[in-house]
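What the coordinates show
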Amino acid sequence: MRAPSSGPEIAAGDVLLAVENVSLAFGGVKAVTDVSFDIRKGEIRAIIGPNGAGKTSMLNIINGFYQPQQGRITFKGKTRPKMQPYEAAEGGIGRTFQNVALFRGMTALDNIMAGRTLKMKRGFFWQLFRYGPAMREEVEHRLFVEEIIDFLKIQEIRRTPVGRLPYGLQKRVELGRALAMEPELLLLDEPMAGMNIEEKEDMSRFILDVNNYYGTTIALIEHDMGVVMDLSDRVVVLDHGVKIADGTPDEVKRDQAVIDAYLGVAH
Ligand SMILES: Nc1ncnc2c1ncn2[C@@H]1O[C@H](COP(=O)(O)OP(=O)(O)OP(=O)(O)O)[C@@H](O)[C@H]1O
């Protein structure tokens, strides 16, 4: 997969995204307080913490859904006090959601194709009349989408309306839709929530494959500690909106503050 063309090239291992002293409150509720961490190009970064710790708020800040009252975000060397979601998407930040957010009546193929819209130069009007250049472009995009469908092994269900699919497959289609925009940074909000063990194993494999094969940097929120420890290179731990630990899975699971706040017992 090609990296989005905008912005400077960041080498593997360099900081792709930096969060600095970010705070966000909803009225009197402090969702995130003075949090700093970074995500390096090519890594799988987990964000963990108990319910209400501020994890989803943090993802929403990174992709511009929420504007923090304090702090700053630097993505691909560009620092910004605020960004709109479409700017994040165009800049190369893709996203999946805690609850599947797909067009349920549309096929898997069309849902993934919808994720490709951002990459289409010729807009809806051109597509409507299937004018020459628009048709050529659509063929290219379809080929790319078919590659994703093969990659995610969902060929058999490509023409099935997603509302009829089991939950695990819906999550896979949602991953496909995020991949269709060729993200440089992919944010996954609880990608295994509600899955059985087999579905979790499948999704873990696909996340690792996306990271290895496409080189996509991934930040994920996950409650299953086994999954977090297996998948991630580094883990940031939030509790009541405050960062309490940051390090490799081994470092974090031995951290006393993490054990007290979250894990309960050392694993
Ligand atoms: N839109 C909102 N309006 C008001 N309060 C909010 C809003 N979104 C989040 N909060 C509050 O901010 C805090 C952090 O919530 P957030 O959803 O970010 O936590 P989380 O770690 O993702 O939790 P969970 O694991 O339960 O999804 C909570 O106290 C929550 O109630």
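All figures in this text were calculated on a predicted structure; none of them were measured in a lab.

1. Here we look at the nonpolar core
The nonpolar side chains of a soluble globular protein tend to be buried, and buried together. Residues Ile112 and Val237 are the most contacted members of the largest nonpolar core, which totals 68 residues. Each of domain 1 (1-92 + 183-266) and domain 2 (99-182) gives at least three residues to this core. Beyond its immediate stretch of four places on either side in the chain, Ile112 contacts Val145, Ile148, Ile149, Val173, Gly176, Arg177 and Ala180.

2. Re the environment of Asn63
Here Asn63 shows up in the loop between α1 (55-62) and β4 (70-75). Each C-alpha atom of the pair Asn63 and Glu87 lies 8.5 Å from the other, and the pair is 24 residues apart in sequence. Those residues within four positions of Asn63 in sequence are excluded, and the remaining contacts are Pro85, Ala88, Ile93, Arg95 and Leu187.

3. Comments concerning helix α7 (residues 197-214)
With 18 residues, α7 should reach 26 Å at 1.5 Å per residue; the first-to-last C-alpha distance of 25 Å fits that figure. Along α7, the residues that are buried comprise Met203, Phe206, Ile207 and Val210. Projected down its long axis, α7 carries its buried residues within an arc of 100°, all on one side. Among the exposed residues of α7, those oriented more than 90 degrees off its buried face are Ile197, Glu198, Arg205, Asn212 and Tyr213. Along its buried surface, α7 packs onto α6 (167-179), β8 (217-221) and α8 (225-231).

4. Comments concerning the domain arrangement of the protein
Assigned domains within the protein: domain 1 (1-92 + 183-266) and domain 2 (99-182). With 15 residues of domain 1 at the interface, the matching set in domain 2 holds 11 residues. In terms of residue count, α7 provides more of the side of domain 1 that touches domain 2 than any other element does, five residues in total.

5. Side note on the packing of helix α3 (residues 108-116) against α6
For the pair α3 and α6, the least separation of the axes is 7 Å and the interaxial angle reads 30°. Judged on the interaxial angle alone, α6 and α3 are roughly parallel. Judged by the twist between their axes, the crossing of α3 over α6 is right-handed. Packed against α3, whose contacting residues are Ala108, Asn111, Ile112, Ala114 and Gly115, the element α6 presents Val173, Gly176, Arg177 and Ala178 at the interface. Partitioned by chemical class, the residues of the contact of α3 with α6 number five nonpolar, three polar and one charged.

6. Section: the sheet that holds β8
Strand pairing in a sheet is mediated by backbone hydrogen bonds. Such pairs are either parallel or antiparallel. Strand order in this open sheet of six strands is β6-β7-β8-β3-β9-β10, and the pairing throughout is mixed. Strands with a single pairing partner mark the edges of an open sheet, and in this sheet they are β6 (93-96) and β10 (242-247). With direction set aside, neighbouring strand axes in the sheet form an average angle of 15°. Summarising the sheet, strand β3 (residues 44-48) and β8 pair through four bridges and their orientation is parallel. Within β8, the residue paired with Ile44 across the bridge is Ile218.

What counts and how
Residues numbered from 1 in each chain as written. Predicted model: local features only at pLDDT ≥ 70, side-chain atom pairs only at ≥ 80, totals over all residues. Core = buried A, V, L, I, M, F, W, Y, C linked by C-beta atoms within 7 Å. Buried ≥ 20, exposed ≤ 12 C-beta atoms within 10 Å, placed from the backbone. Domains from an automatic or database assignment. Contact = placed C-beta atoms within 7 Å. Helix = DSSP H or I, 4+ residues; strand = E, 2+ residues; numbered from the N terminus. Expected span 1.5 Å × (residues − 1). Arc of directions from axis to C-beta. Axes fitted to C-alpha atoms, helices over the stretch in contact; angles between N-to-C directions. Parallel < 35°, antiparallel > 145°, perpendicular 65-115°, else oblique. Left-handed = near helix turned anticlockwise from the far one by under 90°. Nonpolar A, V, L, I, M, F, W, Y, C, P; charged D, E, K, R; others polar. Pairing = 2+ DSSP bridges.

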